[in-house]
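Here is how the chains run, residue by residue.
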Amino acid sequence: MITVTHRRYVPYSHAHYAGNLVDGAYSLGLFGDVATEVCIRLDGDEGLFASYDDVQFKAPVQAGDVLEVTATVVKMGTRSRKIAFTSTVVCRGTGGSAASVLDAPIVAVTATGTVVVPAKA
């Protein structure tokens, strides 16, 4: 139906745990951002997040990473859109200001969720 992708550098100021780990809510926030663009493109409105059906934390996200966050609409109702989300690490910080592009990206977080938009006038 429609897929939207954002990329975001994870700053060291977002490290929350030892080893420069970032909490899982960071990716969920990015899912909200990419869902907003989906709603704007489809409906001309930012929409509102109604719920998550499933969230899976599959690999750590670290400060210094670059994430690719993708939202794909998998089902459309009259006012609701069910979206599949993926947050993938495409570059990994290696300490200090160094980082490397990953040959094989790492799927860090997956989720499905529902957004709602206003009724058409």
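Everything quoted here is computed from the prediction, not taken from an experiment. (Residues numbered from 1 in each chain as written. Predicted model: local features only at pLDDT ≥ 70, side-chain atom pairs only at ≥ 80, totals over all residues. Heavy atoms only, no water.)

A look at the overall build of the chain
Step number 1: Within the chain, the secondary structure is distributed over one helix and five strands.
Step number 2: In the chain, the succession of α and β elements from N to C terminus is β-α-β-β-β-β.
Step number 3: Its C-alpha atoms give the chain principal-axis dimensions of roughly 55 × 25 × 20 Å.
Step number 4: Counting across all 121 residues of the chain, residues that qualify as buried make up 35%.
Step number 5: Long-range pairs, those at least 24 residues apart, make up 69% of the contacts in the chain between residues at least 6 apart in sequence.
Step number 6: Counting only carbon and sulfur atoms, one obtains 53% of the accessible surface of the chain, whose full area is about 6500 Å².
Step number 7: Charge centroids of the chain, computed over 10 positive and 11 negative side chains, lie 6 Å from each other. (Helix = DSSP H or I, 4+ residues; strand = E, 2+ residues; numbered from the N terminus. Buried < 20%, exposed > 50% of the residue type's maximum accessible area, 1.4 Å probe, protein only. Contact = heavy atoms within 4.5 Å. Areas by Shrake-Rupley, 256 points an atom, 1.4 Å probe, with all protein chains shown as cover. Lys, Arg positive; Asp, Glu negative; His and termini not counted. Charge placed at Lys NZ, Arg CZ, Asp CG, Glu CD.)

Examining the UniProt feature "domain: HotDog ACOT-type" (unreviewed entry) in the chain
Step number 1: Mapped onto this numbering, the UniProt entry annotates "domain: HotDog ACOT-type" (unreviewed entry) at residues 1–121.
Step number 2: For the annotated span residues 1–121, helix accounts for 16% and strand for 52% of the residues, and the straight-line distance between the end C-alpha atoms is 23 Å. (UniProt positions renumbered as here; feature names shortened; annotations may be inferred.)

Digging into the environment of Leu30
Step number 1: With respect to the helices and strands, the residue Leu30 is situated in helix α1 (residues 25–43).
Step number 2: In this structure Leu30 comes out as buried when scored by relative accessible area, which is 5%.
Step number 3: In this structure the C-alpha to C-alpha distance between Leu30 and Ser87, which are 57 residues apart in sequence, comes to 8.4 Å.
Step number 4: Look past the residues within four positions of Leu30 in its chain and what remains in contact with it is Arg8, Leu67 and Val69.

What about the sheet that holds strand β4 (residues 80–95)?
Step number 1: The five strands lie next to each other as β1-β3-β4-β5-β2, forming an open sheet whose pairing is antiparallel. Both edges of this open sheet fall to β1 (3–9) and β2 (48–57), since each of them pairs with a single strand only. Between one strand axis and the next, the sheet turns through 25° on average, direction left out of account.
Step number 2: Across seven bridges, β1 lies against strand β3 (residues 66–76) in antiparallel orientation. Paired with Arg7 across the strands is Glu68, a residue of β3.
Step number 3: With respect to the sheet, α1 is in contact with β1, β2, β3, β4 and β5 (98–116), its orientation differing from that of β1 by roughly 140°. (Pairing = 2+ DSSP bridges. Axes fitted to C-alpha atoms, helices over the stretch in contact; angles between N-to-C directions.)

Concerning the pairing of β4
Within a regular strand, the side chains alternate between the two sheet faces.
Step number 1: With ten bridges connecting them, β3 and β4 associate as antiparallel partners. Across the sheet, the residue bridging to Val69 is Ser87, located in β4.
Step number 2: In this structure, the hairpin formed by β3 and β4 is closed by a connection of three residues.
Step number 3: Of the strand pairs in this sheet, β4 and β5 are connected by 14 bridges, and their pairing is antiparallel. For Ser87, the partnering residue across the bridge sits in β5 and is Val109.
Step number 4: Connecting β4 to the next strand, β5, in antiparallel fashion are two residues, including Gly96 with a positive phi near 60°.

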